Amino acid sequence: MSLPPETPTPIPWDSTYHAPVLVTEVLELLGGLPTILDCTLGGGGHSAALLATGSRVVGVDRDPAAIAAALVRLSEAANAGRFTAVQANYAHLDRIDALAGVRFDGILLDLGISSHQIDAHDRGFTFREGAALDMRMGEDAPQSGAELLQTAGEAELAAIFRDYGDERRAFRVASEVVRDAQPRRRGYSIELPAERTRDDVARRELRRARAHHVADCRSHHHLAQLRARRIRRGIA
(Lines give C-alpha, C1' and ligand atoms only; values in the text may rest on other atoms or scores of the structure.)
Protein backbone atom coordinates (compact mmCIF):
# COMPACT_ATOMS: atom_id res chain seq x y z
CA MET A 1 0.00 0.00 0.00
CA SER A 2 1.46 3.32 -1.02
CA LEU A 3 1.74 6.03 1.58
CA PRO A 4 0.13 9.42 0.93
CA PRO A 5 2.59 12.17 0.00
CA GLU A 6 3.90 14.11 2.93
CA THR A 7 2.48 17.58 3.40
CA PRO A 8 5.23 20.15 3.95
CA THR A 9 5.20 21.45 7.50
CA PRO A 10 4.29 25.15 7.38
CA ILE A 11 6.95 27.46 8.78
CA PRO A 12 5.20 29.83 11.20
CA TRP A 13 7.34 32.84 10.35
CA ASP A 14 6.76 32.68 6.59
CA SER A 15 4.03 34.73 4.94
CA THR A 16 2.80 35.56 1.48
CA TYR A 17 4.82 38.78 1.76
CA HIS A 18 8.20 37.23 2.50
CA ALA A 19 9.86 34.13 3.95
CA PRO A 20 12.75 35.06 6.30
CA VAL A 21 15.63 32.59 6.09
CA LEU A 22 17.67 33.47 9.18
CA VAL A 23 15.04 33.05 11.90
CA THR A 24 16.97 30.32 13.75
CA GLU A 25 20.16 32.35 13.84
CA VAL A 26 18.30 35.55 14.82
CA LEU A 27 16.57 33.80 17.72
CA GLU A 28 19.84 32.29 18.92
CA LEU A 29 21.39 35.76 19.12
CA LEU A 30 18.47 37.99 20.07
CA GLY A 31 15.58 35.83 21.27
CA GLY A 32 14.26 36.81 24.69
CA LEU A 33 16.01 40.18 24.92
CA PRO A 34 13.70 42.80 26.45
CA THR A 35 13.66 45.37 23.63
CA ILE A 36 14.78 44.86 20.03
CA LEU A 37 15.03 47.22 17.07
CA ASP A 38 14.27 45.48 13.75
CA CYS A 39 15.71 47.90 11.20
CA THR A 40 14.45 45.89 8.20
CA LEU A 41 10.91 45.00 9.20
CA GLY A 42 9.69 43.75 5.80
CA GLY A 43 6.72 41.44 6.23
CA GLY A 44 7.41 41.09 9.95
CA GLY A 45 8.72 37.52 9.95
CA HIS A 46 11.73 38.11 12.18
CA SER A 47 9.74 40.47 14.40
CA ALA A 48 7.00 37.85 14.81
CA ALA A 49 9.57 35.26 15.88
CA LEU A 50 11.17 37.67 18.36
CA LEU A 51 7.79 38.67 19.77
CA ALA A 52 7.06 34.99 20.37
CA THR A 53 10.08 34.84 22.72
CA GLY A 54 8.62 37.62 24.86
CA SER A 55 10.61 40.53 23.42
CA ARG A 56 9.19 43.95 22.67
CA VAL A 57 9.99 44.99 19.09
CA VAL A 58 10.17 48.28 17.21
CA GLY A 59 10.23 47.70 13.44
CA VAL A 60 11.59 50.18 10.90
CA ASP A 61 11.09 50.04 7.13
CA ARG A 62 11.15 52.52 4.24
CA ASP A 63 8.50 50.63 2.32
CA PRO A 64 4.91 51.66 3.20
CA ALA A 65 3.65 48.32 1.84
CA ALA A 66 5.90 46.49 4.30
CA ILE A 67 4.67 48.62 7.19
CA ALA A 68 1.04 47.91 6.25
CA ALA A 69 1.64 44.15 5.93
CA ALA A 70 3.50 43.96 9.23
CA LEU A 71 0.82 45.92 11.11
CA VAL A 72 -1.85 43.51 9.90
CA ARG A 73 0.22 40.47 10.77
CA LEU A 74 1.36 41.75 14.17
CA SER A 75 -1.82 43.59 15.13
CA GLU A 76 -2.26 41.62 18.36
CA ALA A 77 1.21 42.55 19.58
CA ALA A 78 0.70 46.14 18.44
CA ASN A 79 -2.57 46.41 20.37
CA ALA A 80 -0.83 45.03 23.44
CA GLY A 81 1.89 47.70 23.16
CA ARG A 82 4.62 45.17 22.40
CA PHE A 83 5.14 46.09 18.75
CA THR A 84 5.57 49.46 17.07
CA ALA A 85 6.12 50.08 13.34
CA VAL A 86 7.96 53.17 12.07
CA GLN A 87 8.19 54.11 8.40
CA ALA A 88 11.73 55.43 7.99
CA ASN A 89 15.16 54.68 6.56
CA TYR A 90 17.42 52.73 8.94
CA ALA A 91 20.35 54.77 7.62
CA HIS A 92 18.83 57.77 9.42
CA LEU A 93 18.09 56.23 12.82
CA ASP A 94 19.48 59.28 14.59
CA ARG A 95 16.86 61.46 12.85
CA ILE A 96 13.78 59.39 13.75
CA ASP A 97 11.79 61.22 16.43
CA ALA A 98 9.99 58.05 17.52
CA LEU A 99 13.33 56.49 18.52
CA ALA A 100 14.75 59.50 20.34
CA GLY A 101 16.01 58.49 23.77
CA VAL A 102 15.01 54.83 23.36
CA ARG A 103 17.61 52.21 24.31
CA PHE A 104 17.62 48.73 22.75
CA ASP A 105 19.07 45.44 23.93
CA GLY A 106 19.50 44.15 20.37
CA ILE A 107 19.43 45.50 16.84
CA LEU A 108 18.67 43.46 13.70
CA LEU A 109 19.40 44.31 10.06
CA ASP A 110 18.55 41.73 7.39
CA LEU A 111 19.81 43.58 4.34
CA GLY A 112 18.34 43.07 0.87
CA ILE A 113 14.97 43.16 -0.85
CA SER A 114 11.99 40.95 -0.06
CA SER A 115 10.37 38.38 -2.32
CA HIS A 116 7.24 40.56 -2.33
CA GLN A 117 9.18 43.47 -3.83
CA ILE A 118 10.56 41.19 -6.55
CA ASP A 119 7.16 39.65 -7.31
CA ALA A 120 5.20 42.91 -7.41
CA HIS A 121 5.19 43.99 -11.06
CA ASP A 122 4.70 47.67 -10.32
CA ARG A 123 7.70 47.90 -7.98
CA GLY A 124 10.16 47.49 -10.83
CA PHE A 125 12.47 44.94 -9.17
CA THR A 126 11.13 42.04 -11.23
CA PHE A 127 13.10 40.26 -13.94
CA ARG A 128 9.99 39.95 -16.09
CA GLU A 129 10.15 41.92 -19.32
CA GLY A 130 8.05 45.05 -19.70
CA ALA A 131 7.90 46.16 -16.06
CA ALA A 132 8.41 49.86 -15.36
CA LEU A 133 11.71 50.35 -13.54
CA ASP A 134 10.53 52.17 -10.44
CA MET A 135 12.95 50.37 -8.07
CA ARG A 136 12.42 52.75 -5.15
CA MET A 137 12.52 51.18 -1.70
CA GLY A 138 10.33 53.93 -0.30
CA GLU A 139 8.45 57.11 -1.12
CA ASP A 140 11.36 59.20 0.17
CA ALA A 141 13.53 58.31 -2.83
CA PRO A 142 13.55 61.34 -5.15
CA GLN A 143 14.11 59.51 -8.43
CA SER A 144 12.93 56.24 -9.96
CA GLY A 145 15.20 53.84 -11.78
CA ALA A 146 13.50 54.75 -15.06
CA GLU A 147 14.20 58.45 -14.55
CA LEU A 148 17.81 57.72 -13.71
CA LEU A 149 18.31 55.68 -16.88
CA GLN A 150 16.77 58.46 -18.96
CA THR A 151 19.04 61.18 -17.57
CA ALA A 152 22.31 59.58 -16.48
CA GLY A 153 25.33 59.50 -18.76
CA GLU A 154 27.51 56.52 -19.55
CA ALA A 155 30.15 57.29 -16.89
CA GLU A 156 27.55 57.68 -14.13
CA LEU A 157 25.76 54.47 -15.09
CA ALA A 158 29.07 52.57 -15.23
CA ALA A 159 29.94 53.80 -11.73
CA ILE A 160 26.52 52.68 -10.43
CA PHE A 161 26.81 49.23 -12.04
CA ARG A 162 30.39 48.81 -10.77
CA ASP A 163 30.03 50.19 -7.24
CA TYR A 164 26.54 48.96 -6.35
CA GLY A 165 26.20 45.91 -8.57
CA ASP A 166 29.77 44.57 -8.55
CA GLU A 167 29.47 44.34 -12.34
CA ARG A 168 32.88 43.60 -13.84
CA ARG A 169 31.78 44.73 -17.29
CA ALA A 170 30.19 47.92 -15.99
CA PHE A 171 31.42 50.17 -18.78
CA ARG A 172 30.33 47.72 -21.46
CA VAL A 173 26.85 47.40 -19.96
CA ALA A 174 26.53 51.18 -19.54
CA SER A 175 27.58 51.68 -23.15
CA GLU A 176 24.93 49.24 -24.37
CA VAL A 177 22.22 50.96 -22.32
CA VAL A 178 23.16 54.44 -23.54
CA ARG A 179 23.36 53.52 -27.21
CA ASP A 180 20.07 51.63 -27.20
CA ALA A 181 18.29 52.57 -30.42
CA GLN A 182 15.03 53.10 -28.53
CA PRO A 183 15.80 55.34 -25.52
CA ARG A 184 12.19 55.23 -24.34
CA ARG A 185 12.63 51.54 -23.59
CA ARG A 186 15.26 52.38 -20.98
CA GLY A 187 12.49 52.90 -18.45
CA TYR A 188 11.44 49.24 -18.62
CA SER A 189 13.00 45.90 -17.76
CA ILE A 190 14.39 44.56 -21.02
CA GLU A 191 17.24 42.47 -22.26
CA LEU A 192 19.97 43.95 -24.38
CA PRO A 193 19.40 43.21 -28.08
CA ALA A 194 19.74 39.50 -28.72
CA GLU A 195 22.11 39.94 -31.65
CA ARG A 196 24.61 41.72 -29.40
CA THR A 197 24.35 38.93 -26.84
CA ARG A 198 24.91 36.31 -29.55
CA ASP A 199 27.86 38.29 -30.91
CA ASP A 200 29.42 38.49 -27.46
CA VAL A 201 29.06 34.74 -26.96
CA ALA A 202 30.43 34.01 -30.42
CA ARG A 203 33.46 36.24 -29.84
CA ARG A 204 34.18 34.61 -26.48
CA GLU A 205 33.91 31.12 -27.97
CA LEU A 206 36.19 32.12 -30.86
CA ARG A 207 38.82 33.52 -28.47
CA ARG A 208 38.61 30.37 -26.37
CA ALA A 209 38.95 28.12 -29.41
CA ARG A 210 41.95 30.09 -30.66
CA ALA A 211 43.60 29.90 -27.25
CA HIS A 212 43.11 26.11 -27.13
CA HIS A 213 44.42 25.80 -30.68
CA VAL A 214 47.55 27.81 -29.90
CA ALA A 215 48.13 25.79 -26.74
CA ASP A 216 47.71 22.51 -28.65
CA CYS A 217 50.07 23.66 -31.38
CA ARG A 218 52.70 24.65 -28.85
CA SER A 219 52.34 21.32 -27.06
CA HIS A 220 52.66 19.33 -30.32
CA HIS A 221 55.60 21.46 -31.39
CA HIS A 222 57.32 20.92 -28.04
CA LEU A 223 56.74 17.16 -28.21
CA ALA A 224 58.08 17.04 -31.78
CA GLN A 225 61.21 18.87 -30.68
CA LEU A 226 61.75 16.44 -27.80
CA ARG A 227 61.25 13.47 -30.11
CA ALA A 228 63.72 14.90 -32.64
CA ARG A 229 66.35 15.34 -29.91
CA ARG A 230 65.83 11.79 -28.67
CA ILE A 231 66.21 10.46 -32.24
CA ARG A 232 69.42 12.43 -32.75
CA ARG A 233 70.79 11.00 -29.51
CA GLY A 234 69.81 7.51 -30.59
CA ILE A 235 67.51 6.87 -27.68
CA ALA A 236 64.22 6.78 -29.56
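Participant: What is the right way to look at the layout of surface pockets in this model?
Facilitator: Regions of empty space are outlined by a rolling probe, equal in size to a water molecule, passed over the atoms. Of the voids in this model, the second largest pocket is the one considered here, and its volume is about 520 Å³. What lines the second largest pocket is a set of 28 residues, among which T40, D110, G112, I113 and M137 lie closest to the centre. Elements with a contribution of two residues or more to the lining of the second largest pocket: α2 (45-52) and β2 (56-61). The residue inventory of the lining of the second largest pocket, partitioned by class, reads 13 nonpolar, eleven polar and four charged.

Participant: Please clarify how the nonpolar core should be interpreted in this entry.
Facilitator: Proteins that are soluble and globular tend to have nonpolar side chains buried together. Judged by nonpolar contacts, the single largest core of 14 residues is most densely connected at L30, L50, L51 and F83. Elements with a contribution of two residues or more to this core: α1 (23-30), α2 and α3 (64-73). Sorting elements by how many residues they give to this core places α2 first, with three residues.

Participant: Is there a simple way to think about the pairing of β2 in this case?
Facilitator: A regular strand places its side chains so that they alternate between the two faces of the sheet. Summarising burial for β2: five of the six residues are buried, a large majority. As paired strands, strand β1 (residues 35-38) and β2 are joined by four bridges and run parallel to one another. Pairing of T35 across the sheet is with R56, part of β2. Pairing of β2 with strand β3 (residues 83-87) involves five bridges; the strand directions are parallel. The residue of β3 that forms the bridge with V60 is V86.

Participant: How should the sheet that holds strand β4 (residues 106-108) be read in this particular structure?
Facilitator: Whether parallel or antiparallel, the strands of a sheet pair through hydrogen bonds between backbone atoms. In space, the four strands of this open sheet follow the order β3-β2-β1-β4, with parallel pairing throughout. Of all the strands in the sheet, just β3 and β4 have a single pairing partner and so form its edges. Recorded for the sheet is a direction-independent mean angle of 15° between the axes of neighbouring strands.

What counts and what doesn't
- Throughout this description, residue numbers start from 1 for each chain and increase along the sequence as written.
- For this predicted model, a pLDDT threshold of at least 70 governs which residues receive local features, and a threshold of 80 or more governs which side-chain atom pairs are given and counted, while totals over whole chains, interfaces and linings are taken from all residues.
- Only heavy atoms go into the side-chain values, all of them from the structure, while hydrogens and water stay out.
- In this analysis, the protein atoms alone were mapped onto a 1 Å grid. Cavities are point sets where a 1.4 Å probe fits without being able to get out; pockets are open sets with protein on both sides within 12 Å along at least five of seven lines; lining residues have an atom within 4 Å of a point.
- Grid points are joined across faces, edges and corners, and a volume is the space filled by probe spheres set on the points.
- Labels follow the DSSP assignment, with helices taken as runs of H or I lasting at least four residues and strands as runs of E lasting at least two, numbered in each case from the N terminus.
- The residue classification treats Ala, Val, Leu, Ile, Met, Phe, Trp, Tyr, Cys and Pro as nonpolar and Asp, Glu, Lys and Arg as charged. All others, Gly included, are polar.
- Among buried residues, those of type Ala, Val, Leu, Ile, Met, Phe, Trp, Tyr and Cys that are joined through side-chain atoms within 4.5 Å constitute a nonpolar core.
- Three exposure classes are used, based on accessible area relative to the maximum for each residue type with a 1.4 Å probe and protein chains only: buried under 20%, partly exposed in between, and exposed over 50%.
- Here, strands pair whenever DSSP counts at least two bridges between them.
- Where helices are involved, their axes are fitted lines through C-alpha atoms of the stretch in contact, as for all axes, and angles between N-to-C directions lie from 0 to 180°.

Worth remembering: the numbers are spatial, not functional.
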